[in-house]
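# Structural overview for review
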Amino acid sequence: MYDKYRSSASDAFAQDDDHRSLHTPEEVPSAVIVVSPDGVVSYWNRAAEELFGFARDEAIGRTLRELVIPEGTTDGEVGPQHLPGPATPRSYEAMRRRKDGALIYVNACVRELHGPGGALRGWVYGKTDVTHLKVRRDAQLLEARYRDLLESTPDAIVMVNDIGRIVLVNSQAEAVFGYTRHELVGQPLEVLLPLRYRQAHVGHRAAYVSRSRTRPMGAGLELHGMRKNGEEFPVEISLSPLQTDVGRVSMSAIRDITARRKAEQKFRGLLESAPDAMVIVNTAGVIVLVNSQTERLFGYQREELLGQPIEILIPERFRATHPEHRTRFFKEPKVRPMGAGLELQGR
């Protein structure tokens, strides 16, 4: 069966001027795949093994959708309804998935295979990896359109395409990460992450692409980037989807918060050295920071207090009216004793 389809593939490629000097599909530098009329792979050459990572025995007997078409991708491999004519090949560009999960762009050419009497025996595909070429082409178009705009922003900006390859960065990104833009364009976004996060991030990135919206990344988590020299540093990241002439891209605005973290650590040190219980709340009345004296005075661990409303530390009979007093204070904040002339109680 395999030899029969190899012969069919040879016949199909013998009709192609680009391959007439080659004797068999095994010699063709492109991936050659034959699919039977019921959609099952019946031939898979060495170049297909190298391109997609599946050994011949792993591929034959399975469908292309199982093997190489990313989940959620709407473009399937073509069938007879998509071909311009029985003897006319069709070319197209598409996103495909390797065995290791990496996404690539391929240029594909497909033609029908016919047996004696003109019976359809399937389709033969030739696929070539054009990821590098497409990324470079898209990067040139995006740079012409967005370069000046991105250079005016104070944050490092990194744009990635739908397979997670970097297509555009601004000079702030070069300064923050220590790479030149020529070193970054075409690289997977994970090159900017510490090694321990890279594998998991591929899944997070794919999930964002399928449900993209403008949002902060990793809310409540500590995020880190990695410079070219291997130095890790804390970051804040805002993600935004952007529809462009080359398709949808994801734009990351990245801020190096190393100085802020150092200031926060110094501030926490000052709080810990204070002899009194110190509680810091935001404008919504949510506790964001306490010191160890607060833990001792109120009997809570700080993990139990962080994220809770300040009213947790007030007797229940005062809780209903306290938010109004808090709101009034934030409208005109100033240093003052609280509840002058009153007896105040905690819980």
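Details of the structure are given in the entry above.
Residues numbered from 1 in each chain as written. Predicted model: local features only at pLDDT ≥ 70, side-chain atom pairs only at ≥ 80, totals over all residues. Heavy atoms only, no water.

### Here we look at the sheet that holds strand S1 (residues 31–35)
For clarity, the cut-off: Strand pairing is defined by DSSP finding a minimum of two bridges between the two strands. Each helix is a run of DSSP H or I of at least 4 residues and each strand a run of E of at least 2, with the numbering of both proceeding from the N terminus. To obtain an axis, a line is fitted to C-alpha atoms, over the contacting stretch when the element is a helix, and the angle between two such axes runs from 0 to 180 degrees between their N-to-C directions.
As summarised here, the arrangement of the five strands in space is S2-S1-S5-S4-S3, forming an open sheet in which the pairing is antiparallel. The strands lining the two open edges of the sheet, one partner per strand, are strand S2 (41–44) and strand S3 (90–97). This sheet shows a mean twist of 30° between the axes of neighbouring strands, independent of strand direction. The pairing of S3 with strand S4 (residues 103–114) spans eight bridges and is antiparallel. From the neighbouring strand, Glu93 faces S4, where its bridge partner is Asn107.

### Quick notes on helix H5 (residues 131–151)
To be explicit about the condition: Two axes are fitted around each residue, one to the seven residues ending there and one to the seven starting there, and the angle between them is reported as the bend at that residue. The cut-offs for exposure are 20% and 50% of the maximum accessible area for each residue type, with area from a 1.4 Å probe on protein chains only; residues under the lower value are buried, those over the upper are exposed, and the others partly exposed.
Along its length, H5 shows its largest kink, about 50°, at Arg145. For H5, the set of buried residues is Thr131, Lys134, Val135, Asp138, Ala139, Leu142, Tyr146 and Leu150.

### Details of the side chain of Arg205
The condition that has to hold: Polar contact criterion, stated in full: a pair of N or O atoms within 3.5 Å, where within protein one must be able to donate a hydrogen and the other to accept it, and residues adjacent in sequence count only if both atoms are side-chain atoms. Any two residues whose heavy atoms approach within 4.5 Å at even a single point are treated as in contact.
Among the secondary structure elements, Arg205 is positioned in helix H8 (residues 195–210). Of note is the side chain of Arg205, whose polar atom sits 3.1 Å from the side chain of Glu190. Setting aside residues no more than four positions away along its own chain, Arg205 makes contact with Ile163, Gly164 and Glu190.

### Here's the deal with the nonpolar core
What counts, and what does not: Residues enter a nonpolar core if they are buried and are Ala, Val, Leu, Ile, Met, Phe, Trp, Tyr or Cys, with the set joined through side-chain atoms within 4.5 Å.
Ile33, Trp44, Phe52, Leu64, Leu67, Val68 and Tyr125 are the most contacted members of the largest nonpolar core, which has 22 residues in total. If you list the elements that add at least two residues to this core, you get S1, S2, helix H2 (46–52), helix H4 (64–67), S3, S4 and strand S5 (120–129). For this core, the element with the highest residue contribution is S4, accounting for four residues.

### Section: the packing of aromatic side chains
To keep it simple, the criterion reads: Each Phe, Tyr or Trp ring, with Trp reduced to its six-membered ring, pairs with another whose centre is within 6.5 Å; inter-plane angles below 30 degrees give stacked pairs, above 60 give edge-to-face pairs, and intermediate values give tilted ones. When the NZ atom of lysine or the CZ atom of arginine is within 6 Å of a ring's centre and also within 35 degrees of its normal, the charge is said to sit over that ring.
Taken as a whole, this structure holds three aromatic pairs when the rule is applied. Residues Trp44 and Phe52 carry aromatic rings whose centres are separated by 5.9 Å and whose planes lie at 45° to one another, so their mutual orientation is tilted. Each member of the pair, Trp44 together with Phe52, is buried. Measuring from ring centre to ring centre gives 5.7 Å for Phe329 and Phe330, while their planes differ by 65°; the resulting arrangement is edge-to-face. Under the relative-accessibility criterion, Phe329 is labelled partly exposed at 29%. The ring centre of Tyr105 lies 4.9 Å from the NZ or CZ of Lys134, which sits over that ring.

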